[in-house]
Amino acid sequence: MAYTIDRYPDQDSPRLGAMNLHPAAESVPRARRWFRKFIAPYNPACSVDDCELMISELVTNAIRYGRADDSWAVRVEWFREGTSLRIEVHNPGFPANVRLRHPDANDAHGRGLLLVDSIAESWHSGPSRFGGTVVSFVVADAWPS
């Protein structure tokens, strides 16, 4: 299975949706498409394009740096927290490996978290409740108060 979508979260939960993605390159555009499709009914006031860009960067990093002995998936979840939108990307990698880099102009990689840092209200990395790593970001004022 390449992906699964949770489109009917519990009404009492702040989680708006989630998806599990196979750790392969084709999952990056799939994550963007599914996020756009399933966030649309909530009518966010924030830039969905910016959210897609940040999701792309974090899913790419999760695929690139996630490691597990068994088969594994990248999990993306999105939550409404008051007027903010929080998006989490989980993978089985080690939390200590997540760091903000400052690449040279000629470096081909290393700008993903810089993009997230410059666009999001905030971002965080640490241990995932599923095991491994979670990297999340918050977009403020995603909905009117």
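Conventions used here
- Residues numbered from 1 in each chain as written.
- Predicted model: local features only at pLDDT ≥ 70, side-chain atom pairs only at ≥ 80, totals over all residues.
- Heavy atoms only, no water.
- Buried < 20%, exposed > 50% of the residue type's maximum accessible area, 1.4 Å probe, protein only.
- Helix = DSSP H or I, 4+ residues; strand = E, 2+ residues; numbered from the N terminus.
- Arc of directions from axis to C-beta.
- Core = buried A, V, L, I, M, F, W, Y, C linked by side-chain atoms within 4.5 Å.
- Contact = heavy atoms within 4.5 Å.
- Disulfide = S-S within 2.5 Å.
- Phe/Tyr/Trp six-rings, centres within 6.5 Å; stacked < 30°, edge-to-face > 60°.

Chemist: Explain unusual backbone geometry residue by residue, including any values.
Modeler: A positive phi angle is found at Asn43, which is not glycine, with a value near 50 degrees. The phi dihedral of Asp141 falls on the positive side, at around 55 degrees, and the residue is not glycine. The class for Asp141 is exposed, based on a relative accessible area of 57%.

Chemist: Which residues make up helix H3 (residues 112-119), and what values do they have?
Modeler: Turning to H3, its buried residues are Gly112, Leu113 and Val116. All buried residues of H3 fall inside an arc of 90 degrees around its axis, so they share one side.

Chemist: Just give me the short version of the nonpolar core, but keep the residues and values in it.
Modeler: Residues Phe35, Val59, Trp78, Leu85, Ile87 and Phe137 are the most contacted members of the largest nonpolar core, which totals 33 residues. Apart from the residues within four sequence positions on either side, Leu85 is in contact with Phe35, Ile39, Cys46, Cys51, Trp78, Phe79, Phe137, Val138, Val139, Ala142 and Trp143.

Chemist: Quick one: what's the story with the environment of Val135, residue by residue and with numbers?
Modeler: Within the fold, Val135 resides in strand S6 (residues 133-139). Residue classification places Val135 among the buried positions, given a relative accessible area of 8%. Separated by 37 residues in sequence, Val135 and Val98 have C-alpha atoms that sit 8.1 Å apart. Aside from chain neighbours lying at most four places away, what touches Val135 is Leu58, Ile87, Glu88, Val89, Val98, Leu113, Trp123, His124 and Ser125.

Chemist: Outline the state of the cysteines, supporting the account with residue identities and numerical values.
Modeler: Here the structure, examined in full by the defined rule, presents zero disulfides. With no disulfide of its own, Cys46 lies 4.1 Å from the sulfur of Cys51, the closest cysteine sulfur. A residue is classified by how much of its surface remains accessible, and Cys46, at 13% relative accessible area, is buried. A relative accessible area of 1% means that Cys51 is categorised as buried.

Chemist: Explain the packing of aromatic side chains residue by residue, including any values.
Modeler: Counted by the stated rule, this structure contains two aromatic pairs. On the basis of an interplanar angle of 10 degrees and a centroid distance of 5.2 Å, the ring pair of Trp34 and Phe38 is categorised as stacked. With Trp34 and Phe38 both in helix H1 (residues 27-39) and four residues apart, this pair spans about one turn of that helix. In this structure Trp34 comes out as buried when scored by relative accessible area, which is 17%. The exposure class of Phe38 is buried, given its relative accessible area of 12%.

Chemist: Report on the environment of Leu115, specifying residues and quantitative values.
Modeler: Checked against the element boundaries, Leu115 lands in helix H3. Judged by its relative accessible area of 29%, Leu115 falls in the partly exposed class. Through-space distance from the C-alpha of Leu115 to that of Leu53 is 8.4 Å; in sequence the pair is 62 residues apart. The residues touching Leu115, leaving out its near neighbours within four places in the chain, are Leu53 and Glu57.

Chemist: Explain the environment of Ser145 residue by residue, including any values.
Modeler: Residue placement: Ser145 occurs in the segment after S6. Ser145 gets classed as exposed once you look at its relative accessible area, which sits at 92%. As a C-alpha pair, Ser145 and Gly82 span 63 residues in sequence and 7.3 Å in three-dimensional space.

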